[in-house]
Structures are given as C-alpha cells and as structure tokens.
Amino acid sequence: MTATIMDEYILPVLTRYIDQYRWSFCMAARLINRYYGTEYTQKQLKQLYKRNQ
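Now for a description of the structure that goes with this document.

Conventions and cut-offs
- Residues numbered from 1 in each chain as written.
- Predicted model: local features only at pLDDT ≥ 70, side-chain atom pairs only at ≥ 80, totals over all residues.
- Heavy atoms only, no water.
- Phe/Tyr/Trp six-rings, centres within 6.5 Å; stacked < 30°, edge-to-face > 60°.
- Buried < 20%, exposed > 50% of the residue type's maximum accessible area, 1.4 Å probe, protein only.
- Helix = DSSP H or I, 4+ residues; strand = E, 2+ residues; numbered from the N terminus.
- Expected span 1.5 Å × (residues − 1).
- Arc of directions from axis to C-beta.
- Contact = heavy atoms within 4.5 Å.

A word on the packing of aromatic side chains
A full pass over the atoms with the stated rule returns five aromatic pairs. For the pair Tyr17 and Trp23, a centre-to-centre distance of 5.0 Å together with 40 degrees between the ring planes defines the contact as tilted. The exposure class assigned to Tyr17 is buried, which follows from its relative accessible area of 14%. Centroid distance Tyr35 to Tyr36: 4.9 Å. Interplanar angle 80 degrees. Geometry classified as edge-to-face. Among the aromatic residues, ring-to-ring pairing joins Tyr17, Tyr21 and Trp23 into one connected group.

Details of helix H2 (residues 25-36)
The terminal C-alpha atoms of H2 lie 16 Å apart, and with twelve residues this matches the ideal 16 Å at 1.5 Å per residue to within 8%. Phe25, Ala28, Ala29, Ile32 and Asn33 are the residues of H2 that are buried. Looking down the long axis of H2, one finds its buried residues gathered within 120 degrees of arc, a one-sided arrangement. Within H2, the exposed residues directed more than 90 degrees away from the buried face are Arg30, Arg34 and Tyr35. At its buried positions, H2 is contacted by helix H1 (5-20) and helix H3 (42-51). Trailing H2 by a residue or two, Gly37 shows a phi angle of about 70 degrees, which is positive.

Shown next as structure tokens:
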C-alpha cells in the first residue's frame, strides 16, 4: 500500500482513535470511511498505523 495525500489527513485521526480513545480498528475504519468517504479495510488501517509508529 502506497501513501496517499488522504493518508496524511487520516493518520492523526487514526492515531487518536487507537491511542487515545483505545477504539478497535473496526470502529476506526467505520468512522474514517464514513467521514472521509473512503473504503479503507481494517488491514489497510493497521498497516498505515504500524508504518507510521
């Protein structure tokens, strides 16, 4: 998976959902996809999260 411009906007939100709120990747994927109109899978979000830690 290559980084996109959208990833730059999503990463801070994803990090907040996972680190601060302790939400699951399933919940994070649903909210991010709904808000940003994307179609990320849980697996893609996990890869994005791990790649940027």
